[in-house]
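Residues per chain are reported as follows:
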Amino acid sequence: MTTSTLRRVLQAFEEAETSIRLDVLSRQLGIDLGTLDSMIQYWVRKGCIREVGDETECNTCGVNGECPFVMRCPRRYLLVRRSSEESVLVPDVNSHEQ
Amino acid sequence: MMSIAAPSVANSISRATAMDYGPEIEAEIACVQALIEADETLTAIYNPRWLAITLLEGDAELETRVANSPCGPAILAQLELAADHISATLGEDIDILIADRRYQFVADLVHSTVTRPQSISTRSDQIDQIVTHPWLGVPIFLVLMWFVFQMTANVSGIYLNWVDSIISGPVTRWVVALLDMIGLEGSWFEFLVVDGVIAGAGGMLVFVPVLAFLYFFLALLEDTGYMARAAFVMDRFMQILGLHGKSFIPLLVGFGCSVPGIYATRTLEDRRDRILTGLLVPFMSCSARLPVYVVIGTAFLGRNSGNLVFAMYLVGVLIAILSGLLFRRTIFKRTEELPFVMELPPFRRPSFKTIGHQVWERTTGFVRSVWTVIMFASIVVWVLLNVPYKNGKPPELENSLFGGLSRTLSPVFAPAGFDNWEAAGALVTGLVAKEVVISTMGQVYGVEQAEAQIEPESTSFVADLEEIVNGFGTATLDTVKATISLLPGINLLKEEEQTDNTALQAELRHHFTPLAAVAFSVFVLLYTPCMATIGAIRHEFGSRWMWFSILYMLTVAWIGATLTYQIGSLLGFS
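Computed from a predicted model, the values in this text were never measured in an experiment.

(A) Highlighting the packing of helix H3 (residues 33–46) of chain A against helix H7 (residues 94–113) of chain B. Put simply, H3 of chain A and H7 of chain B touch, their axes get as near as 11 Å, and they point 165° apart. When the axis of H3 of chain A is compared with that of H7 of chain B, the two are roughly antiparallel. Crossing angle aside, the handedness with which H3 of chain A passes H7 of chain B is right-handed. Between H3 of chain A, through Thr35, Met39 and Tyr42 of chain A, and H7 of chain B, the contact on the second element is made entirely by Ala99, Tyr103, Val106 and Ala107 of chain B. Grouping the constituent residues of the contact of H3 of chain A with H7 of chain B by class yields six nonpolar, one polar and no charged.

If you want it as structure tokens, here you go:
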């Protein structure tokens, strides 16, 4: 039995001890950057990896969601925890007093 | 694409690039395909092989459609058998294997048709090797930020004096002349405009050049792609300290404004991590606090004011890290850390159009806040400074309602070295917005000076314009000199240019010792954030955490300021 390349990508996320750049991961796995990107997207679609973008707009100062203070951080990918796959992105307003 | 190619060419390409999923999977595909081909309702719509592969990949929608066809039950049963068989023989889910073979097929195709240069290391890659280096990354980040704050505090300070001279000079004269012209000379309204609006809100406009410089350099770092590297480097650094690395991105946002920083915690999946990070974000020195450091730095430290600004930002980060470590070991026990993979954009030449847009957006945002929140606060402070009215005259500032309330509070700050009522009052108004600390100081310290200027000097409008233009030219020249003077061993500025302070800075030197001023800066950095941030904390984490944040930050600020003053005194500073 051999481990599929797709599985190796997921394993790289599971076994990573520190955050890593996508291009470094590409070199480590010996996978072309574009191919690796689409492989990660495959796991995103499967719900095993989460893509995080800019979810920071607060709309409190009336600039139509274009907050001038938000730094546009590039895409990040995180492994979804097995125990909390229904991870909450937007806080539950009813759970404030927890 | 294939449909428009000549048939012979299309066939040859099709043969050359036939997709083969390997003997085991192909056998399962064939079994399912055979069952599909036996069902005319399916073959009338779908290509049997495509349908077989898609069903083996687990397409739920197609499964529902197939289930209703005559051969549906048999096909679904076969799919289950195929999945079990492949899993048992190849040790992997069939859908993953199919996708994997497809990626492999594309990779082989690209490999056989695309010739890449031997070395794929670009200049951006080479820079990345250095700026994201495990050991060099953090020092490089610190050096860059030091440079940014030197430019912000030292170099832009020259324009600060120029704008101050315009507001306290020609602008005040024009307003007074205008009010005199319409018969409001010596009225309460004139005092409100001069002592309240111009000394308070107008005094804040002085900081437009300082903030524009800061926003320019931050936008420059962001647009070149460096800020993404900073987030990556600091993430690793925080993980080494045992903190959640992902928290650094909301913290980085907090350098601009704490409110979006609080909302940026939504990117963290665990609620406990979100609360922990939300409690740390206000320790990041937002741009609203910058005017306080710049005023104090230039008043007391001259050319070293940039170092004070840089030190304040570092202290904020340090306190956030220490608080994070404390919370991790007490109320927020460590959860499993999940590193992330970050796609770093290549370094690029900055677009000055984009940078200009960012600087404009951020600076106009500040100016908007001056004419809304800060002007309102300035008017409230002015009213409090002028009541109770006795015998038709306003009270002495110290005996005003504002002075009385502030005097009650001021002994609390005695251990930190700044127990004057003006400072205590400014800190209270700073709860509305941090910029208000300076606008209030402008009012309580600058009132006498403004009163002195309320009689318009006999200058002409043209002479005023000449003064403004000449002042700009001198400021620009001095800025160039100050920039060159940042190089070690070079000082092109004359002594008087280095100590050329605004009226407020001159007043501050009478009321604070340098050490007390630094302790005051520490308190401003660490104490309870502005109302908008408090509201954001309540909205995201609830009232309990909001009160916790308020009390915790007040305590940390008092301890921090007191330690700064007491330790400084022990070391012989004054």
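(B) Looking closely at the sheet that holds strand S1 (residues 340–342) of chain B. Taken in spatial order, the four strands line up as S1(A)-S1(B)-S3(A)-S2(A) in an open sheet, and their pairing is mixed. Among the strands making up the open sheet, the edge pair consists of strand S1 (20–21) and strand S2 (49–52) of chain A. As defined by bridge partners, strand S3 (residues 76–79) of chain A adjoins S1 of chain B across three bridges and the pair is classed as antiparallel. Note that in S1 of chain B the partner of arginine 76 of chain A across the bridge is methionine 342 of chain B.

(C) Region of the structure containing helix H11 (residues 188–205) of chain B. The largest bend in H11 of chain B is about 40°, located at isoleucine 198 of chain B. In terms of burial, H11 of chain B is a largely internal element, 13 of the 18 residues being buried.

(D) Focus on the packing of helix H9 (residues 137–155) of chain B against helix H12 (residues 208–224) of chain B. Residue and element names in this part refer to chain B. Across the interface, H9 lies against H12 with an axial gap of 8 Å and an inter-helix angle of 155°. The angle between H9 and H12 falls in the class roughly antiparallel. Considering how the two elements wind past one another, H9 and H12 form a crossing that is right-handed. Between H9, through Leu144, Val148, Met151, Thr152 and Val155, and H12, the contact on the second element is made entirely by Val210, Phe213, Leu214, Phe217 and Leu221. Of the residues belonging to the contact of H9 with H12, the class tally is nine nonpolar, one polar and no charged.

(E) Geometry of helix H2 (residues 23–37) of chain B. Residue and element names in this part refer to chain B. The end-to-end C-alpha distance of H2 is 20 Å, a good match for the 21 Å that 15 residues give at a rise of 1.5 Å each. If you check which residues of H2 are buried, you get Glu28, Ile29, Val32, Gln33, Leu35 and Ile36. The arc that holds every buried residue of H2, seen down its axis, measures 160°, which confines them to one face. The exposed residues of H2 that point more than 90 degrees off its buried face are Pro23 and Ala30. The elements touched by buried residues of H2 are helix H3 (40–43), helix H4 (48–56) and helix H6 (72–90).

What counts and how
- Residues numbered from 1 in each chain as written.
- Chains lettered and ligands numbered in written order.
- Predicted model: local features only at pLDDT ≥ 70, side-chain atom pairs only at ≥ 80, totals over all residues.
- Axes fitted to C-alpha atoms, helices over the stretch in contact; angles between N-to-C directions.
- Helix = DSSP H or I, 4+ residues; strand = E, 2+ residues; numbered from the N terminus.
- Parallel < 35°, antiparallel > 145°, perpendicular 65-115°, else oblique.
- Left-handed = near helix turned anticlockwise from the far one by under 90°.
- Contact = placed C-beta atoms within 7 Å.
- Nonpolar A, V, L, I, M, F, W, Y, C, P; charged D, E, K, R; others polar.
- Pairing = 2+ DSSP bridges.
- Bend = angle between axes of the 7 residues up to and from the residue.
- Buried ≥ 20, exposed ≤ 12 C-beta atoms within 10 Å, placed from the backbone.
- Expected span 1.5 Å × (residues − 1).
- Arc of directions from axis to C-beta.

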